[in-house]
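# Topology and contacts: notes
Listed here are the chains, written in short residue letters.
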Amino acid sequence: MKSCLIVIDAQESFRHRPYFTERDLPAWLAAQNALIAGCVARGIPVLRVLHTDGPKTAGNPFALESGHVAPLAGLLDFTPAATFLKSRHSALVGTGLDVWLTQHGVQRLIVSGIRTEQCCETTTRHASDLGWRVDFVADATLTWDMQQPDGSLFSAADIKARTVAVLSERFATICTAGQALARMDGGLA
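The structure contained in this document is the topic of the report that follows. Residue positions are given per chain, counting from 1 as you read along its sequence in written order. pLDDT decides what is reported in this predicted model: residues at 70 or higher carry local features, side-chain atom pairs at 80 or more are listed and counted, and totals for whole chains, interfaces and linings draw on all residues regardless. Where side-chain values are given, they derive from all heavy atoms of the structure, hydrogens and water being excluded.

A few words on the packing of aromatic side chains. Working definition: a ring pair exists when centres of Phe, Tyr or Trp rings (six-membered ring for Trp) sit within 6.5 Å. Plane angles under 30 degrees give stacked, over 60 give edge-to-face, the rest tilted. Taken as a whole and assessed by the stated rule, the structure comprises four aromatic pairs. On the numbers, 5.4 Å between centres and 45 degrees between planes, the contact of Tyr19 with Trp144 is tilted. With Tyr19 in the loop between β1 (3-8) and α1 (25-42) and Trp144 in the loop between β5 (133-142) and β6 (146-147), this pair connects stretches of sequence that are 125 residues apart. Each member of the aromatic cluster is reached from another via a ring pair, and the members are Phe14, Tyr19, Phe20, Phe62 and Trp144. Throughout this description, the term charge over a ring refers to an Arg CZ or Lys NZ atom that lies within 6 Å of the ring centre and within 35 degrees of the ring normal. The ring of Phe78 is capped by Arg48, whose NZ or CZ atom sits 4.3 Å from the centre of that ring. The cationic tip of Arg115 hangs over the ring face of Tyr19; the distance from NZ or CZ to the ring centre is 4.6 Å. Where helices and strands are cited, they refer to DSSP runs of H or I of at least four residues and of E of at least two residues respectively, numbered from the N terminus.

Helices that pack against each other are described as a pair by the angle of their axes relative to one another and the distance between those axes. At a minimum axis separation of 10 Å, helix α3 (residues 116-129) and helix α4 (residues 156-167) run at an interaxial angle of 10 degrees. By the criterion of interaxial angle, the relationship of α3 to α4 is roughly parallel. Note on element contacts: α4 touches α3 through Ile159, Lys160, Arg162, Thr163, Val166 and Leu167, opposite Thr116, Glu117, Glu121, Thr124 and Arg125. All residues other than Ala, Val, Leu, Ile, Met, Phe, Trp, Tyr, Cys, Pro, Asp, Glu, Lys and Arg, Gly among them, are scored as polar; the first ten of these are nonpolar and the last four charged. A breakdown of the residues in the contact of α3 with α4 according to their chemical character gives three nonpolar, three polar and five charged. Convention adopted: a line fitted to C-alpha atoms gives each axis, helices being fitted over their contacting stretch, and angles between N-to-C directions are expressed from 0 to 180 degrees. Each angle is binned into one of four classes, with values under 35 degrees roughly parallel, values over 145 roughly antiparallel, values of 65 to 115 roughly perpendicular, and all other values oblique. We call two residues in contact when some of their heavy atoms are within 4.5 Å.

Turning our attention to the sheet that holds strand β2 (residues 46-51). Pairing between strands requires that DSSP locate at least two bridges from one strand to the other. Across the sheet, six strands lie side by side as β3-β2-β1-β4-β5-β8; this open sheet has parallel pairing. The open sheet has two free edges, formed respectively by β3 (82-86) and β8 (173-175), since each of these has just one partner strand. Shown here is a sheet whose adjacent strand axes are inclined to one another by a mean of 25 degrees, direction ignored. Relative to β8, β5 runs parallel, the two sharing three bridges. Paired with Val137 across the strands is Cys175, a residue of β8. The sheet contacts of α3 involve β1, β3, β4 (108-114) and β5, and relative to β5 the element is tilted by about 175 degrees.

Attention now goes to the nonpolar core. Core analysis: the largest hydrophobic core is formed by 29 residues, its most contacted members being Leu5, Trp28, Leu35, Cys39, Ile110 and Val137. Of all the secondary-structure elements, those providing two or more residues to this core are β1, α1, β4, β5 and α5 (177-188). With seven residues, α1 is the largest single contributor of residues to this core. Sequence-distant contacts of Leu35, defined by excluding residues within four places in its chain, comprise Leu5, Ile110, Ser112, Val137, Ala140, Ala177, Ala180 and Leu181. Residues Ile6, Trp100, Val106 and Trp132 belong to the second largest nonpolar core, which totals 25 residues. The term nonpolar core refers to a set of buried residues drawn from Ala, Val, Leu, Ile, Met, Phe, Trp, Tyr and Cys, joined through side-chain atoms within 4.5 Å. Each residue is placed in one exposure class: buried if its accessible area under a 1.4 Å probe, protein chains only, is under 20% of its type's maximum, exposed if it is over 50%, and partly exposed if it falls in between.

End to end, α3 covers 18 Å across 14 residues, agreeing with the expected 20 Å (1.5 Å per residue, within 8%). Inspection of α3 places Thr116, Glu117, Cys119, Cys120, Glu121, Thr123, Thr124, Ala127 and Ser128 among the buried residues, and these make up the whole buried set. On the buried face of α3, the contacting elements are β1, β3, β4, β5, β6 and α4. Once α3 finishes, Gly131 follows within two positions and takes phi at roughly 105 degrees, a positive value. Each helix should span, by expectation, one fewer than its residue count multiplied by 1.5 Å.

In short, the description is geometric, and any link to function would need to be established separately.
What follows is the structure, encoded as structure tokens:
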């Protein structure tokens, strides 16, 4: 089964958001970089998806004009098989990613990147609904604490646990970076 790794929104833009913290960054980078390195070593295509939206001004960190729509510092340097710019939560909306995947005979997507509960989860659900098999690599996704409408804090760990619970066995196979690489070695590449 032909697979590819999708690295979603792993970009400098997030460093310029008020919620950004480096608390979980080292663990995420370790998992994300191991996954990228493992895929590159196995000849699995690695795709880069970057998010752009909002006003096209230097002050908007998600605008190309800001210079922040670029790979996050610390991310393993790799040459992507293709790069896609998106302006929606799903990497499969309006980017041509779905066309690329179909043209290259990809049957299994390995999803990683930033933010766990937003673009990574949305892309996973969308891909599953379109018929792709999806490995959601939870330790290779990153998110931050969020404030709930009542003012209480929803921790990044809780957000990640909730995402894993709702995706598991419905939309994706949940795995760690190591498990995703082992699945490739087990003939699921």
